[in-house]
Amino acid sequence: MKLLVLNGPNLNLLGLREPDLYGRGTYAGLEAFVRETASRLGVEVEMRQTNHEGVLVDWIQESRGKFDAIILNAAAYTHTSVAILDAIKAVKARVAEVHLTEPKSREEFRRVSYVGMVAEKTFSGLGFGSYSAAMEYFAKSEMPRGNHA
Ligand code: DQA
């Protein structure tokens, strides 16, 4: 199983950015955590971050045929991006939506999630644990050879 973990705007500033909300862990720390989780679960992982909506759209499009699923923290674009929603639909990507915080219990404008409209599952409010929960979800969905019902 090959997972693509995509991170949107301002997540590069983890550690510095509103630590009361997002914690003191840095983006590099998140990357190390994701790598450790992948090796524990025996899955392959690639993790990227961008501040640009179109780059996320490109990465989603390019993932077709190369990755089994995407773990997507689109950050603020979660709540605004029809382009990301359309890209996920266009390539029929399997997506899990992740958030460090629980957007639904924050400001009203964070209640809408375009990503959530097409994601198989959402994992939020668990800090870095939201990423490992999403990775576990996809790892479990891959049955070992010979174990298919
Ligand atoms: C976030 C939640 C979003 O509402 C916010 O815009 C972010 C981060 C999270 O991980 O909790 O940038 O996706």
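Residues numbered from 1 in each chain as written. Predicted model: local features only at pLDDT ≥ 70, side-chain atom pairs only at ≥ 80, totals over all residues. Heavy atoms only, no water.

Asker: Would you explain the site of the ligand in this entry?
Answerer: Taken together, Arg 17, Tyr 22, Asn 73, Ala 75, Ala 76, His 79, His 99, Leu 100, Thr 101, Arg 106 and Arg 110 form the complete shell of residues around the ligand. Interatomic distance of 2.8 Å between a side-chain N/O atom of His 99 and an oxygen atom of the ligand. In this structure, an oxygen atom belonging to the ligand sits 2.8 Å away from a main-chain N or O atom of Leu 100. Partitioned by chemical class, the residues of the shell around the ligand number four nonpolar, four polar and three charged. (Near = heavy atom within 4 Å. Polar contact = N/O pair within 3.5 Å; in protein donor to acceptor, adjacent residues only side chain to side chain. Nonpolar A, V, L, I, M, F, W, Y, C, P; charged D, E, K, R; others polar.)

Asker: I'm lost on helix H2 (residues 27–41) in this one. Help?
Answerer: Residues spaced three or four apart along an α-helix face the same direction, because each turn holds 3.6 residues. The end-to-end C-alpha distance of H2, which contains 15 residues, comes to 21 Å, matching closely the 21 Å that a straight helix rising 1.5 Å per residue would cover. Contacts made by the buried residues of H2 are with strand E1 (2–7), strand E2 (44–49) and helix H5 (129–141). Two residues or fewer after H2 comes Gly 42, characterised by a positive phi angle close to 70 degrees. (Helix = DSSP H or I, 4+ residues; strand = E, 2+ residues; numbered from the N terminus. Expected span 1.5 Å × (residues − 1). Contact = heavy atoms within 4.5 Å.)

Asker: What's the story with helix H3 (residues 53–62) in this structure? I'm lost.
Answerer: For H3, the set of buried residues is Leu 56, Val 57, Trp 59 and Ile 60. End-on view of H3: buried residues confined to an arc of 165 degrees, all on one side of the axis. Elements that come into contact with the buried residues of H3 comprise E1, E2, strand E3 (69–73) and helix H4 (82–91). (Buried < 20%, exposed > 50% of the residue type's maximum accessible area, 1.4 Å probe, protein only. Arc of directions from axis to C-beta.)

Asker: Just checking my understanding: could you explain unusual backbone geometry for this structure?
Answerer: A positive phi angle, near 35 degrees, is found at Glu 18, a position not held by glycine. Following the sequence through the fold, Glu 18 ends up in the loop between E1 and helix H1 (19–22). Note on Glu 18: relative accessible area 45%, which makes it partly exposed. Its identity as a non-glycine residue notwithstanding, Lys 92 has a phi of 50 degrees, on the positive side.

Asker: Whenever I open this one, the packing of aromatic side chains confuses me. Can you help?
Answerer: Centre distance and the angle of the planes are the two values used to describe a pair of aromatic rings. On inspection of all chains with the given rule, the structure shows three aromatic pairs. Look at Phe 33 and Phe 128: their rings are 5.7 Å apart centre to centre, the planes differ by 40 degrees, and that puts the pair in the tilted class. One end of the pair, Phe 33, is in helix H2; the other, Phe 128, is in the loop between strand E5 (121–124) and H5, with 95 residues separating them in the sequence. For Phe 33, a relative accessible area of 24% gives the class partly exposed. Each member of the aromatic cluster is reached from another via a ring pair, and the members are Phe 123, Tyr 137 and Phe 138. In this arrangement the basic side chain of Lys 2 is found over the ring face of Phe 67, its NZ or CZ atom lying 5.1 Å from the centre. Sitting over the ring of Trp 59, Arg 48 keeps its end group 5.2 Å from the ring centre. (Phe/Tyr/Trp six-rings, centres within 6.5 Å; stacked < 30°, edge-to-face > 60°. Lys NZ or Arg CZ within 6 Å of the ring centre and 35° of its normal.)

Asker: Which parts of the structure should I look at to understand the sheet that holds strand E4 (residues 95–99)?
Answerer: Two strands in a sheet stick together by hydrogen bonds in their backbones, pointing the same way (parallel) or opposite ways (antiparallel). Strand order in the open sheet formed by five strands is E2-E1-E3-E4-E5, with parallel pairing between adjacent strands. At either margin of the open sheet sits one strand with a lone partner, and together these are E2 and E5. Taken over all neighbouring pairs, the strand axes of this sheet differ in orientation by 20 degrees on average, direction set aside. Pairing between E3 and E4: three bridges, direction parallel. Note that in E4 the partner of Ile 70 across the bridge is Val 95. Each of E1 and E2 is contacted by H2, which is oriented at about 165 degrees to E2, the strand it contacts most. Against the sheet, H3 makes contact with E1, E2 and E3, and its axis sits at roughly 170 degrees relative to E1, the strand it touches most. (Pairing = 2+ DSSP bridges. Axes fitted to C-alpha atoms, helices over the stretch in contact; angles between N-to-C directions.)

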